[in-house]
Amino acid sequence: GQLVESGGGLVLAGGSLRLSCTASGSRYPINVMGWYRQAPGDQQREMVAKMTLGGQSVYADSVKGRFTISREKNAKTWYLQMTSLQSEDTAVYYCSSTTSWGTTWGQGTQVTVSS
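This report concerns the structure included in the present document. Along each chain, residue indices are assigned from 1 in the same order as the chain's sequence is written. Selection of residues for local features in this predicted model requires a pLDDT of at least 70, selection of side-chain atom pairs for listing and counting requires 80 or more, and totals for whole chains, interfaces and linings are taken over all residues. Where side-chain values are given, they derive from all heavy atoms of the structure, hydrogens and water being excluded.

1. Here we look at the overall build of the chain
Okay, so step 1: Summing up its helical and strand segments, the chain has 0 helices and 11 strands in all.
Okay, so step 2: Helix and strand definitions follow DSSP, with helices as H or I runs of at least four residues and strands as E runs of at least two, each counted in order from the N terminus. Listing the helices and strands of the chain from first to last along the sequence gives β-β-β-β-β-β-β-β-β-β-β.
Okay, so step 3: Computation of the radius of gyration draws on C-alpha atoms alone. For the globule rule, the value is 2.2 Å times the number of residues to the power 0.38. The C-alpha atoms of the chain give a radius of gyration of 13 Å, which matches the 13 Å a tight globule of 115 residues would have.
Okay, so step 4: If you line up the chain on its principal axes, its C-alpha atoms span 45 × 25 × 20 Å.
Okay, so step 5: Looking at the chain residue by residue over its 115 residues, the buried ones come to 38%.
Okay, so step 6: Throughout, a contact is declared for two residues whenever any of their heavy atoms are within 4.5 Å. Sequence-distant contacts in the chain: of pairs separated by 6 or more residues, those separated by 24 or more amount to 51%. Only protein chains enter the calculation, and the probe is 1.4 Å; a residue is then buried if its accessible area is under 20% of its type maximum, exposed if over 50%, and partly exposed in between.

2. Points about the sheet that holds strand E8 (residues 77-82)
Okay, so step 1: At least two DSSP bridges between two strands are required for those strands to pair. Taken in spatial order, the 4 strands make up an open sheet running E1-E3-E8-E7, and their pairing is antiparallel. Where the open sheet ends on each side, the last strands, each with one partner, are strand E1 (2-6) and strand E7 (67-71). Averaged over neighbouring strand pairs, the angle between their axes works out to 15 degrees when direction is ignored.
Okay, so step 2: Taken together, the 5 bridges between E1 and strand E3 (residues 17-24) define a ladder with antiparallel strand orientation. What sits directly across from Ser6, in E3, is Ser20. With axes taken as lines fitted to C-alpha atoms, and helix axes fitted only over the stretch in contact, angles between N-to-C directions fall between 0 and 180 degrees.

3. So, the state of the cysteines
Okay, so step 1: By disulfide we mean two sulfur atoms from cysteines, separated by a distance within 2.5 Å. Overall, the coordinates contain 1 disulfide when judged by the stated rule.
Okay, so step 2: The side chain of Cys21 participates in a disulfide bridge whose partner is Cys95; the two sulfur atoms lie 2.1 Å from each other. Of note, the bridge from Cys21 to Cys95 carries an S-S torsion of about 55 degrees and is right-handed in sense. With Cys21 in strand E3 and Cys95 in strand E9 (residues 91-99), the pair connects residues that are 74 residues apart, well separated along the chain.
Okay, so step 3: On the accessibility criterion, Cys95 (0% relative accessible area) is buried.

4. Observations regarding the pairing of E3
Okay, so step 1: As defined by bridge partners, E3 adjoins E8 across 6 bridges and the pair is classed as antiparallel. Considered in E8, the bridge of Cys21 is made with Trp78.

Below, the structure is given as C-alpha cells:
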C-alpha cells in the first residue's frame, strides 16, 4: 500500500492547518490510522493522534483539545485538524496505517509554526 499526505505549510502561531492522508493499493482493511511527528533534532517520531477502525481515538497530551483526527466513511482517507498551533508543533508530520500485514508510512509533510 501507499500513503499520500497533503496539507502542510507555514502558519502563524495561533493559526490552523488540516493535514490529509489517502491510502491506496492495499487489499486489507486499515485497523489503525494515525499521525506522528518528528521535530527538528529529535531522533524519534512522536505519536500525535491515532484512530481505530471502530472509531476510538487517542491523542498525545500535548495536542489534546487542539488537534482532531477524523476519517472518511471509506476509511481510506483521514485528517488531522490542527488548531491553536504553537511553535512547539513545528515538525515533519507523517501519517501511518496499520493492517494485518504491518504498518505503512507516508512521505511526511512539513508543518512550520512561526511566532
